[in-house]
Amino acid sequence: MAVQNWRWIRLGVCRLALMAVAAALAPTVRGQQAAVAEAEAPTATLALASMFSDAMVLQRDMDIPIWGTAEPGADVTVTLGDESAMATADENGRWRVAFGPLPAGGPHELVVRTGDHSVTCDDVLIGDVWVASGQSNMEWPVAAANDAEQEIAAANWPNIRFIDVPHQMSAEPLDSFPTQGWVRVTPESVARCSAVGYYFARELQRELDVPIGLVGCNWGGTPMEAWTSRKALRSRAAFAARVDADDAPPANDQEAEARTRAPHHRPGVLFGGMTAPVIPYAIRGVIWYQGESNAGRHAEYAELSRLMIADWRQRWNQGDFPFLLVQLAGWEPGGDSWPYLREAQADTLEAPNVGMAVAIDIGDRTDIHPRNKQEVGRRLALAAQAIAYGEDVPYAGPTFRDLSIDGRRARVAFDHVYDGLRANGDLIGFEIAGADGRFVPAHAEIDGEEVVVSSDEVAEPTQVRYAWAAYPEANLRNAAGLPAVPFRSRRD
């Protein structure tokens, strides 16, 4: 493809990521629901659900649900490779079967039959399926990331496949979405694939040597509550009021304008329109890059994160599948709220099987969309190797454990040190404070598996913080090269 075409793609993606939402993408939620509901009316035509097509990847080593529509009451036979299953379509024409668990491999053929009708999917692989969700930094494609032309030219990974869920809103869970189906990663296709998702999948494919499927389910500039079901939001008083307010008529012209301008920000509408149609497609886990749109409400973010993760896990009914998030990268305009949002993201690690890729060191001072998606994908893949696959690999940077005071010095102990703490040059990024809570830049030195922090301005230290800025100058790492997680030792 000519260079000018890459420039055109980058320009279009930048406009999308900066949320210049075209009028065509901003109908009312009710209007979209009506359009999709009409498309989903019971039909005599045999069909598979939107998630199934040629070249798809099905999840290995667990039950594999297959579902679709047929004439109500019709007997449906589904064959996957050498195995068969049967179901009868219900009064709404919906049917569902399950296969597995099956080992990695393929290609297989999936055939669905009822009466004289049949649907066939060819080149079906069995491997690991990951949902790549969040806002614009997850949506950001390979064509607009670092080294795009070289990466695209080298993208010959036929066992990595992806499917994208288009931007679609609904207050109630939908069953389907318009799609052209699964796509093999080639130089012709990879330009539009999520860069973080692709580089994550590439690392896993190299490490595991099994097919990898990516389900792109993302929309730039969107808050987490839009990705959480309304039912889950109603289970917490703090969020139920927000759903009730959204269900009520606009209180004033300003609120009406906000709903028209950003309907995709409304509670639950992206879960209903984009996440729900993927469920119950069997998956290995989720990678998640989001938080920028919630930074102004950072105090509620940890609770909201845990709620959304629990909601998705309950609906998928696959137990506590791995959920791997990206902590916000450095970006100076993030201001005072950025460090608190990062802290809330780190608090999410208290939930089971949650991992985090730190990105403070690979941000862009002035651009909210850093281009080094290769390293983000690599760090997420390390978290997957440890959490999803049980491999003994370094997957997290030094993480604050506790603080002890030794006279004028504070000693900070860390988890995830591995083979030792490191810094490129003098250790920077630490601040120290006494009882007055006034932080000043501190002198910091590595001492074994701890960092000793002090300042001539603080005679009796009580607390320490590290990388506590929207775009921090900080350089603590472990021997694996993974950056330390920003922290503050005390929360007042």
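For the structure, check the block above.
Residues numbered from 1 in each chain as written. Predicted model: local features only at pLDDT ≥ 70, side-chain atom pairs only at ≥ 80, totals over all residues. Heavy atoms only, no water.

**Student:** Let's hear about the environment of Met 169: which residues, and what values?
**Tutor:** Positionally, Met 169 belongs in the loop between strand 9 (157-164) and strand 10 (183-185). Spatially, the C-alpha atom of Met 169 lies 33 Å from that of Glu 109, the residues being 60 residues apart in sequence. (Helix = DSSP H or I, 4+ residues; strand = E, 2+ residues; numbered from the N terminus.)

**Student:** How would you sum up helix 12 (residues 373-387)? Please name residues and give values.
**Tutor:** Here helix 12 contains 15 residues, and its C-alpha end-to-end distance of 21 Å stays within 8% of the 21 Å for a straight helix at 1.5 Å per residue. Counting buried positions along helix 12 yields 14 of 15 residues, so the element is predominantly enclosed. Of the residues that open helix 12, the one with a side-chain oxygen 3.2 Å from the backbone nitrogen of Glu 375 is Asn 372. (Expected span 1.5 Å × (residues − 1). Buried < 20%, exposed > 50% of the residue type's maximum accessible area, 1.4 Å probe, protein only. Polar contact = N/O pair within 3.5 Å; in protein donor to acceptor, adjacent residues only side chain to side chain.)

**Student:** I'd love a proper account of the pattern of salt bridges, names of residues and values included.
**Tutor:** Taken as a whole and judged by the stated rule, the model has 39 salt bridges. Asp 128 is the partner of Arg 60 in a salt bridge, and the nearest nitrogen-oxygen pair spans 2.9 Å. Residue Arg 60 is located in the loop between strand 2 (57-59) and strand 3 (64-69), and its partner Asp 128 is located in strand 8 (residues 117-134); the two are separated by 68 residues in the primary sequence. Exposure remark for Arg 60: the relative accessible area of 17% places this residue in the buried category. In the salt-bridge network here, residues are joined through shared partners; they are Arg 230, Arg 234, Asp 244, Asp 246, Asp 247 and Arg 266. (Salt bridge = Lys/Arg side-chain N within 4 Å of Asp/Glu carboxyl O.)

**Student:** Kindly report on empty space enclosed by the protein, identifying the contributing residues and their values.
**Tutor:** The final tally for this structure, using the stated rule, is two cavities of 30 Å³ or more. Lining the largest cavity, in full, are Asn 137, Tyr 289, Glu 292, Leu 328, Ala 329, Gly 330, Trp 331, Trp 338, Asp 364, Asp 367, Ile 368 and Pro 370. For the lining of the largest cavity, the residue count by class is seven nonpolar, two polar and three charged. The volume enclosed by the second largest cavity comes to roughly 40 Å³. Lining the second largest cavity are Met 224, Trp 288, Gln 290, Tyr 301, Ser 305, Ile 309, Phe 323, Leu 325, Gln 345 and Thr 348. Looking at the lining of the second largest cavity, the elements that each hand over two or more residues are helix 10 (301-316) and strand 13 (323-326). A per-element tally of the lining of the second largest cavity places helix 10 first, with three residues. Split into classes, the residues belonging to the lining of the second largest cavity amount to six nonpolar, four polar and no charged. (1 Å grid on protein atoms, 1.4 Å probe; cavity = no way out; pocket = protein on both sides within 12 Å on 5 of 7 lines; lining within 4 Å. Points joined across faces, edges and corners; volume = space filled by probe spheres on them. Nonpolar A, V, L, I, M, F, W, Y, C, P; charged D, E, K, R; others polar.)

**Student:** Any chance you could break down the pairing of strand 12 (residues 285-289) for me, citing the residues and the numbers?
**Tutor:** Among the five residues of strand 12, five are classified as buried, and the element is accordingly described as predominantly covered. Neither face of strand 12 is left uncovered, since the one carrying Gly 285, Ile 287 and Tyr 289 and the one carrying Val 286 and Trp 288 both have all their residues buried. Where strand 8 lies against strand 12, five bridges are found, and the strand directions are parallel. Its bridge partner lying in strand 12, Gly 134 is registered against Tyr 289. For the segment spanning strand 12, helix 10 and strand 13, crossover handedness is right-handed. (Pairing = 2+ DSSP bridges. Right-handed = clockwise from strand over helix to strand, strands pointing away.)

**Student:** With reference to specific residues and values, describe the packing of helix 10 against helix 11 (residues 337-347).
**Tutor:** Two elements in contact, helix 10 and helix 11, have axes whose closest approach is 8 Å; the angle formed by their N-to-C orientations is 35°. Our pair here, helix 10 against helix 11, has a crossing hand that is right-handed. The segment helix 10 lies against helix 11, with Tyr 301, Ala 302 and Arg 306 engaging Leu 341, Ala 344, Gln 345 and Asp 347. Of the residues assigned to the contact of helix 10 with helix 11, the class counts are four nonpolar, one polar and two charged. (Axes fitted to C-alpha atoms, helices over the stretch in contact; angles between N-to-C directions. Left-handed = near helix turned anticlockwise from the far one by under 90°. Contact = heavy atoms within 4.5 Å.)

**Student:** How would you explain the packing of helix 5 (residues 195-208) against helix 12 if you had to name every residue and give the values?
**Tutor:** The geometry of helix 5 relative to helix 12 is characterised by a closest axis approach of 7 Å and an angle of 50° between their N-to-C directions. What the angle tells us is that helix 5 and helix 12 run oblique. Judged by the sense of rotation from one axis to the other, the crossing of helix 5 with helix 12 is right-handed. Contacts from Ala 195, Val 196, Tyr 199, Phe 200, Arg 202, Glu 203, Leu 204 and Glu 207 of helix 5 reach helix 12 at Lys 373, Gln 374, Val 376, Gly 377, Arg 378, Leu 380, Ala 381, Ala 384 and Gln 385. (Parallel < 35°, antiparallel > 145°, perpendicular 65-115°, else oblique.)

**Student:** Lay out the sheet that holds strand 6 (residues 94-99) with the relevant residues and their values.
**Tutor:** Judged by pairing direction, the sheet is antiparallel, and its three strands sit side by side in the order 1-3-6 without closing on themselves. Bordering the open sheet on either side are strand 1 (47-48) and strand 6, each of which pairs with just one other strand.

**Student:** So what's going on with the nonpolar core? Which residues, and what values?
**Tutor:** The biggest cluster of nonpolar side chains holds 101 residues, and the ones touching the most others in it are Ile 66, Trp 95 and Phe 430. With eight residues, helix 10 is the largest single contributor of residues to this core. (Core = buried A, V, L, I, M, F, W, Y, C linked by side-chain atoms within 4.5 Å.)

**Student:** Describe the environment of Leu 482, and please don't skip the residues or the numbers.
**Tutor:** Among the secondary structure elements, Leu 482 is positioned in the loop between strand 23 (476-478) and strand 24 (487-488). Given a relative accessible area of 4%, Leu 482 falls into the buried group. Along the backbone, Leu 482 and Ile 362 are 120 residues apart, and their C-alpha atoms lie at a distance of 11 Å.

**Student:** Any chance you could break down the packing of aromatic side chains for me, citing the residues and the numbers?
**Tutor:** Each aromatic ring pair is specified by the distance between its two centres and by the angle formed by the two planes. Following the criterion strictly, the structure yields 18 aromatic pairs and no others. Judged by centre distance (5.4 Å) and plane angle (50°), the ring pair of Phe 52 and Tyr 281 falls under tilted. Residue Phe 52 is found in the loop between strand 1 and strand 2, and its partner Tyr 281 is found in the loop between helix 9 (269-275) and strand 12; the two are separated by 229 residues along the sequence. Of the two residues examined, Phe 52 and Tyr 281, each falls in the buried class. A ring pair is formed by Trp 288 and Phe 323, whose centres lie 6.0 Å apart and whose planes are at 40°; its orientation type is tilted. (Phe/Tyr/Trp six-rings, centres within 6.5 Å; stacked < 30°, edge-to-face > 60°.)

**Student:** How would you sum up the sheet that holds strand 21 (residues 450-454)? Please name residues and give values.
**Tutor:** In spatial order, the strands read 15-16-21-20; together these four strands make up an open sheet with antiparallel pairing. Two strands in the sheet have a free side with no partner beyond their single neighbour: strand 15 (399-406) and strand 20 (443-447). If you compare each strand with its neighbour and ignore which way they point, the axes differ by 25° on average. Alignment of strand 15 against strand 16 (residues 409-415), held across seven bridges, turns out to be antiparallel. Across the sheet, residue Phe 400 finds its bridge partner in strand 16, namely Phe 414.

**Student:** An account of the pairing of strand 7 (residues 105-114) is needed here, citing residue identities and associated values.
**Tutor:** When strand 4 (residues 75-80) meets strand 7, the two strands line up antiparallel, connected through four bridges. The partner of Thr 79 across the bridge, within strand 7, is Val 111. Bridge count for strand 7 against strand 8 is seven bridges, and the pairing is antiparallel. Residue Val 112 lies in a different strand from strand 8, and its bridge partner there is Val 119. Counting the residues between successive antiparallel strands, the hairpin from strand 7 to strand 8 contains two residues, one of them, Gly 115, with a positive phi of roughly 55°.

From the geometry alone we can't say anything about function, so treat these as descriptive.
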